[in-house]
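# Structural description and commentary
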Amino acid sequence: MSSSTDGTAAAEVHDGRDLEDRLWPVEEHLADILGKIRPLEPIELQLLDAQGCVLVEDITAPAALPPFDNSSMDGYAVRVADVEGATEEFPAVLTVVGDVAAGGGEPPVVGPGEAARIMTGAPLPPGAEAVVPVEWTDGGTGGGPATAMTGPGGDSGEVRVHRPAGARAHVRARGSDVTAGDLVLRAGTVLGPAQIGLLAAIGRPTVTVRPRPRVVVMSTGSELVPPGERLGPGLIHDSNSFVLTACARDAGALAYRVGAVGDEPETLRAALEDQLVRADAVVTSGGVSVGAYDVVKETLSGLTAEEGSVAFRRLAMQPGKPQGFGRIGPDRTPLFALPGNPVSSYVSFELFVRPALRALMGLEPVDRRTVRAVCTDGIESSPKGRRQYLRGRHDPATGRVTTVGGAGSHLVKALAEANALIVVPEDTTGVEPGAELDVVLLD
């Protein structure tokens, strides 16, 4: 990324400055972002590497699951007629003809008056029609009801059965979960632990998915120092890169925190050039307003046509008025330039970056639910012409929401206590207690 410009880039910068003269509606800015996002190309991954990714193919079962009739209990495989009417006082006495273990060899045939010890998951042996749990028997000991299977040596002799069993009792039938050819997972499914387990169970070692996007997160500001380091005069701890990295991971991305970059254009350019090789998206915070040291805006407004372009805008919202979005580098990697105040950057991520990351994964962009709720404490003032997003605590049991903290975009404690964003419309300057408002749920 060189610092030179050409005529095309100059025109793009001029257009971007013209666009700054108006306030962009939230929906228009989001639509512009999503219009420039394309889902990542599918790749084939090993099952555990595919966790959190989105399927791009329908998955059908190649065979039945379970593949054979098997026992759901430790006990004895029997014929129904042989245990009919059995009680503890008058047990059915059967000859034990062998063991059937899960993954064992050829099972014995169970004939009239016979039983086979069987373990959970083992195939139902030929001739058997049901399984009686070991607790319904004496376990081959000749005593009272057993509490567990005995060790080696219990695969012969006699067993006393104290209760009857109906046909197919405690037997998991072949294909009772999945039959061959069944559609088991649809394209568009996000692969969680249960889905990974199902794929393994039907014998799939790999799967074709859209990968989780790789997101590089960096804060800007020479005043930022990492947590754990001592603060000097005028310095603060960098929290934005941590919260935004956590946000990206929560959205399903693979996020890499770079940390804070100083207020020098050359430093920012070098950091971006270094990080683009591993990024499907870049998120910066700070340096996008009208200050003398707004390094992100200064640096990215001067890109050449070959380097890409980033548009900086003012949005009709509070917090989060200054925003930047564009595509940079040889692969035109999406870049989100968010404001530096902690609440502003968090709200901006939820409204714009999270939907874009989902779009990269091939998912529906907006997944946060919006509900109507009664605002119990009211809102004294809201800026006319700008949509306000206030931190709130929503109670789903009562359908009520209360504000948490004030409107200040630096109040991170209030953000940590909130589970929702209260939305005050652009044309509303105040809200009476008990009025209904839209609420964006954050969990």
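Residues numbered from 1 in each chain as written. Predicted model: local features only at pLDDT ≥ 70, side-chain atom pairs only at ≥ 80, totals over all residues. Heavy atoms only, no water.

### Some remarks on the side chain of Asn419
Condition: Numbering of helices and strands runs from the N terminus, with a helix taken as a DSSP run of H or I at least four residues long and a strand as a DSSP run of E at least two residues long. We define a polar contact as two N or O atoms separated by no more than 3.5 Å, with the added condition that, inside protein, one atom must be a possible hydrogen donor and the other a possible acceptor, whereas residues neighbouring each other in sequence contribute only through side-chain atom pairs. In what follows, residue pairs with any heavy atoms lying within 4.5 Å of each other are defined as contacts.
For Asn419, the position within the fold is in the loop between helix H9 (412-417) and strand E26 (420-424). One polar contact links the side chain of Asn419 to the main-chain amide nitrogen of His394, over a distance of 2.7 Å. Once residues lying within four places of it in the same chain are set aside, the contact partners of Asn419 are Gly392, Arg393, His394, Val440, Leu441, Leu442 and Asp443.

### A few points about the packing of helix H2 (residues 26-35) against helix H8 (residues 342-360)
Helix packing for two helices is described by the angle between their axes and how far apart those axes are. Operational definition: Lines fitted to C-alpha atoms define the axes, with helix axes restricted to the stretch in contact, and inter-axis angles between N-to-C directions lie between 0 and 180 degrees. Here the angle decides the label: under 35 degrees means roughly parallel, over 145 means roughly antiparallel, 65 to 115 means roughly perpendicular, and every other value means oblique. Each crossing is labelled by how the near helix is turned from the far one, with a counterclockwise turn of less than a right angle marking it left-handed and a clockwise turn marking it right-handed. Gly falls in the polar group here, along with every residue not listed as nonpolar (Ala, Val, Leu, Ile, Met, Phe, Trp, Tyr, Cys, Pro) or charged (Asp, Glu, Lys, Arg).
For the pair H2 and H8, the least separation of the axes is 10 Å and the interaxial angle reads 30°. In terms of orientation, H2 and H8 fall into the roughly parallel class. The crossing of H2 and H8 is right-handed. Residues Val26, His29, Leu30, Ile33 and Leu34 of H2 pack against Leu351, Phe352, Pro355, Ala356 and Ala359 of H8. In the contact of H2 with H8, the residues fall into nine nonpolar, one polar and no charged.

### Quick notes on the side chain of Arg117
Rules: Categorising residues by exposure relies on relative accessible area from a 1.4 Å probe, with only protein chains included: less than 20% of the type maximum marks a residue as buried, more than 50% marks it as exposed, and the intermediate range marks it as partly exposed.
With respect to the helices and strands, the residue Arg117 is situated in strand E8 (residues 114-118). The class for Arg117 is buried, based on a relative accessible area of 3%. For Arg117, the side chain forms a polar contact with the side chain of Asp99, separated by 2.7 Å.

### Examining the confidence of the model for the protein
The line we're drawing: Confidence of the predictor in every single residue is expressed as pLDDT, which spans 0 to 100.
Mean pLDDT over the protein: 92, with 92% of residues reaching 70 or higher. Ignoring residues within four places in sequence, the model shows residues 2-19, a span with pLDDT below 50, making 23 contacts including any to other chains.

### Examining H2
For the record, the criterion: The arc in question is the one traced by the directions running from the helix axis out to the C-beta atoms.
Along H2, the residues that are buried comprise Val26, His29, Leu30, Asp32 and Ile33. When H2 is viewed along its axis, its buried side chains cluster within an angular range of 160° and face the same direction.

### Digging into unusual backbone geometry
Following Leu65, the chain continues to Pro66 via a peptide bond in cis, the omega torsion being -5°. For Pro66, the position within the fold is in the loop between strand E4 (59-60) and strand E5 (70-71). Positioned with a positive phi, Arg168 is a non-glycine residue whose angle comes to about 70°. For Arg168, the position within the fold is in the loop between strand E10 (158-161) and strand E11 (171-172). Given the relative accessible area of 39%, Arg168 is considered partly exposed. Although it is not a glycine, His170 adopts a positive phi angle of roughly 55°. Here His170 is to be found in the loop between E10 and E11. Note on His170: relative accessible area 25%, which makes it partly exposed.

### A look at the nonpolar core
In plain terms, the rule: Residue types Ala, Val, Leu, Ile, Met, Phe, Trp, Tyr and Cys, when buried and joined through side-chain atoms within 4.5 Å, form a set referred to as a nonpolar core.
With 38 residues, the main nonpolar core has Phe336 and Leu357 as its most contacted residues. The residues touching Leu357, leaving out its near neighbours within four places in the chain, are Pro213, Val215, Ala248, Ala251, Ala253, Ala281 and Phe349. Judged by nonpolar contacts, the second largest core, of 19 residues, contains Val216, Val282, Val296 and Leu303.

### Some words on the sheet that holds strand E19 (residues 308-315)
The test is simple: Strands are labelled as partners when DSSP assigns at least two bridges between them.
The strand order across the open sheet formed by seven strands is E1-E19-E21-E22-E18-E14-E17, and the pairing between neighbours is mixed. Each having just a single partner strand, strand E1 (23-24) and strand E17 (254-261) make up the two edges of the open sheet. Pairing geometry for strand E14 (residues 214-220) and strand E18 (residues 281-285), over five bridges, is parallel. Bridging across to E18, Val216 finds its partner in Val282. Along the sheet, helix H5 (residues 240-250) contacts E14, E17, E18 and strand E22 (333-338); its crossing angle with E17, the most-contacted strand, is approximately 170°.

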